[in-house]
Amino acid sequence: MPLQDNMKRVLILGSSGKMGSAVRTAFEGDYELICKNSLDFDACNFEEVGNLVKDNRPEIVINTVAFLGIDRCEKEPEKALLLNALYPRLLAELSRETGFLLVHFSTDAVFDDEKRDYYVESDIPAPVNIYGFTKYGGDCFISAIAGTYYIFRISVLFGETGRDSQFVEKMLRRVREGCRVLRISDDIVSSPSYSLDIAMGIKRVLDASAPYGVYHMANEGKASLYDLMAEMKKCLELDVEIQRASHREFPSGARKNTYTPIRSEKISPLRPWRDAVKDFCLGLEKIMKRKTA
Ligand SMILES: NC(=O)c1ccc[n+]([C@@H]2O[C@H](COP(=O)([O-])OP(=O)(O)OC[C@H]3O[C@@H](n4cnc5c(N)ncnc54)[C@H](OP(=O)(O)O)[C@@H]3O)[C@@H](O)[C@H]2O)c1
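Residues numbered from 1 in each chain as written. Predicted model: local features only at pLDDT ≥ 70, side-chain atom pairs only at ≥ 80, totals over all residues.

### A few points about the overall build of the chain
Operational definition: The way it works is that DSSP assigns letters per residue, a run of H or I at least four long becomes a helix, a run of E at least two long becomes a strand, and they are numbered from the N terminus. C-beta atoms are placed from the backbone for every residue, and two residues are taken to be in contact when these atoms lie within 7 Å.
In terms of regular secondary structure, the chain is built from nine helices and 14 strands. On the principal axes, the C-alpha backbone points of the chain span a range of 55 × 45 × 35 Å. The contacts of the chain with a sequence gap of at least 6 include a subset with a gap of at least 24, amounting to 79%.

This is the structure:
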């Protein structure tokens, strides 16, 4: 599609990831997109990041780059601090210096499990592991330094992605490889969300010039990881038995977040998560059919 003169120039950092590719799909056509991933720059190299931003002169920077994985962050806390807190601080400084709007992603893992209800934007974070702690560090730096910013706190994602390092993709890979029984925690409860729904929701917030700040963005409802995979099994008609387990069965070096559903007190909720799973599975079936044709 040809670019129009009045299109805003958006630099997407981490455009090949789960959230980055959804953002790309949602924003394509209405914004001029410059897409970068780890093949183009290293977020640990601050000089490179600075040059990338200054050379491209974006009006908006959407950052999806982060150091993910609760266990990985416990094992490599310095890298977690660098990518989840200090790199966002650099983006916040660049935003202040050059004037772009910074859009950043945070996580429900900034909260503990004490509330036993949905966490909203006005709840005070209390991270229980290095991942949550470093992500919260990023939130603090951005809200203190960047003048114009949106931080979107999101929960466990499903959505199109080229890699299978995250929970849903790992489970689907195991089924593809012939595993016939999956034991999945029913005591880790969050707000499973479709990356494309989140990206469209974010575009609506930007298009509406909503007040800057922190937003919780999730498909409506809450579910355990067990509920999520049971719904996927139903929609994709997977030949696998899904058994209830406790997260304690799967040893981890970190304290896991076990009850962190989120909802917004500022914007209306996205559609219910089960409807979103159905749509995602329809898309997945089409991709599978194209691959096998
Ligand atoms: N996924 C979830 O369930 C979830 C839940 C809550 C919050 N979040 C938050 O949502 C955001 C996006 O997560 P995601 O699931 O989309 O992540 P992802 O799929 O792992 O994508 C990460 C992106 O960052 C790029 N990247 C990673 N390290 C880099 C580096 N050192 N330099 C440059 N680029 C680098 C990757 O590029 P390559 O493809 O080239 O490696 C990829 O494009 C993160 O802030 C995360 O904390 C995610």
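### So, the packing of helix α4 (residues 77-98) against helix α5 (residues 130-145)
Note the cut-off: Every axis corresponds to a line fitted to the C-alpha atoms, with the helix fit spanning only the stretch in contact, and the corresponding angles, defined between N-to-C directions, vary from 0 to 180 degrees. Each angle is binned into one of four classes, with values under 35 degrees roughly parallel, values over 145 roughly antiparallel, values of 65 to 115 roughly perpendicular, and all other values oblique. The residue classification treats Ala, Val, Leu, Ile, Met, Phe, Trp, Tyr, Cys and Pro as nonpolar and Asp, Glu, Lys and Arg as charged. All others, Gly included, are polar.
The contact between α4 and α5 brings their axes to 8 Å, and the two run at 10 degrees. The orientation of α4 relative to α5 falls into the category roughly parallel. In this structure, α4 contributes P77, A80, L81, N84, A85, P88, R89, A92, E93 and R96 to the contact, and α5 contributes I130, Y131, T134, K135, G137, G138, F141, I142 and I145. Counted by class, the contact of α4 with α5 contains eleven nonpolar, four polar and four charged residues.

### Description of the nonpolar core
As a rule of thumb, nonpolar side chains are buried together in soluble globular proteins. What counts, and what does not: Note on definitions: a nonpolar core is a set of buried residues drawn from Ala, Val, Leu, Ile, Met, Phe, Trp, Tyr and Cys, linked by C-beta atoms within 7 Å. With C-beta atoms placed from the backbone, the exposure class of a residue follows from how many other C-beta atoms lie within 10 Å of its own: 20 or more, buried; 12 or fewer, exposed; in between, partly exposed.
V61, L102 and M229 are the most contacted members of the largest nonpolar core, which has 81 residues in total. Per-element accounting of this core gives the leading share, seven residues, to α4. Among residues more than four places away in sequence, those in contact with M229 are M171, L182, I184 and I242.

### Notes on the site of the ligand
Worth spelling out the cut-off: Residues are counted as near a molecule or strand when the C-beta atom, derived from backbone positions, lies within 6 Å of that molecule or strand.
Taken together, the neighbourhood of the ligand is formed by 27 residues, with G14, G17, M19, S38 and A66 sitting nearest. Elements with a minimum of two residues in the shell around the ligand: α1 (18-27) and β4 (101-107). Ranked by the residues each element gives to the shell around the ligand, the list is headed by α1, at three residues. Split into classes, the residues belonging to the shell around the ligand amount to twelve nonpolar, twelve polar and three charged.

### A closer look at the environment of V175
By the secondary structure assignment, V175 is in helix α6 (residues 167-176). When the C-alpha positions of V175 and R89 are compared, they lie 40 Å apart, and in sequence the two are 86 residues distant. Once you skip the residues sitting within four places of it in the chain, V175 turns out to touch L238 and V240.

### What to know about the sheet that holds strand β10 (residues 213-216)
The line we're drawing: Strands are labelled as partners when DSSP assigns at least two bridges between them.
Spatially, the six strands line up as an open sheet ordered β2-β1-β3-β4-β5-β10, and their pairing is parallel. In this open sheet, the two strands that pair with only one neighbour each are β2 (32-36) and β10. Averaged over all pairs of adjacent strands, the angle between their axes in this sheet comes to 20 degrees, without regard to strand direction. Of the pairings in the sheet, the one linking strand β5 (residues 149-154) to β10 comprises four bridges and is parallel in character. By the bridge assignment, Y150 is partnered in β10 with G213. In the packing of α1 onto the sheet, the strands contacted are β1 (9-13), β2, β3 (60-63) and β4, and the crossing angle to β1 comes to about 160 degrees.

### Focus on unusual backbone geometry
For R57, which is not glycine, the phi torsion reads 45 degrees and is therefore positive. Counting through the fold element by element, R57 comes out in the loop between α2 (46-56) and β3. Even without being a glycine, E237 presents a positive backbone phi close to 50 degrees. Position of E237 relative to the elements: it lies in the loop between α8 (225-236) and β13 (241-245). For E237, a count of 8 C-beta atoms within 10 Å corresponds to the exposed category.

### Quick look at α4
What counts, and what does not: Helices are assigned an expected span. That span is 1.5 Å times one less than the residue count. Values of bend correspond, residue by residue, to the angle between axes fitted over the seven residues ending at that residue and the seven starting there.
Over its 22 residues, α4 extends 30 Å from the first C-alpha to the last, a length consistent with the 32 Å expected when each residue adds 1.5 Å. At L86, α4 shows its maximal bend, which comes to roughly 30 degrees, and the proline P88 appears one to four places after that position. Among the residues making up α4, those that are buried are A80, L83, N84, A85, Y87, P88, L91, A92, L94 and S95. Close packing links the buried residues of α4 with α2, β3, α3 (70-75), β4, α5 and β5. Just downstream of α4, G99 is the residue with a positive phi angle, here 95 degrees.

### Comments concerning the pairing of β1
This is how the line gets drawn: When the strands point away from the viewer, a crossover counts as right-handed if the path from the first strand over the helix to the second runs clockwise.
Burial runs high along β1: four of the five residues are buried. Taken together, the five bridges between β1 and β2 define a ladder with parallel strand orientation. The residue bridging L11 from the neighbouring strand is I34, located in β2. Considered for its hand, the β-α-β crossover made up of β1, α1 and β2 is right-handed. Where β1 lies against β3, four bridges are found, and the strand directions are parallel. Across the sheet, residue L11 finds its bridge partner in β3, namely V61.

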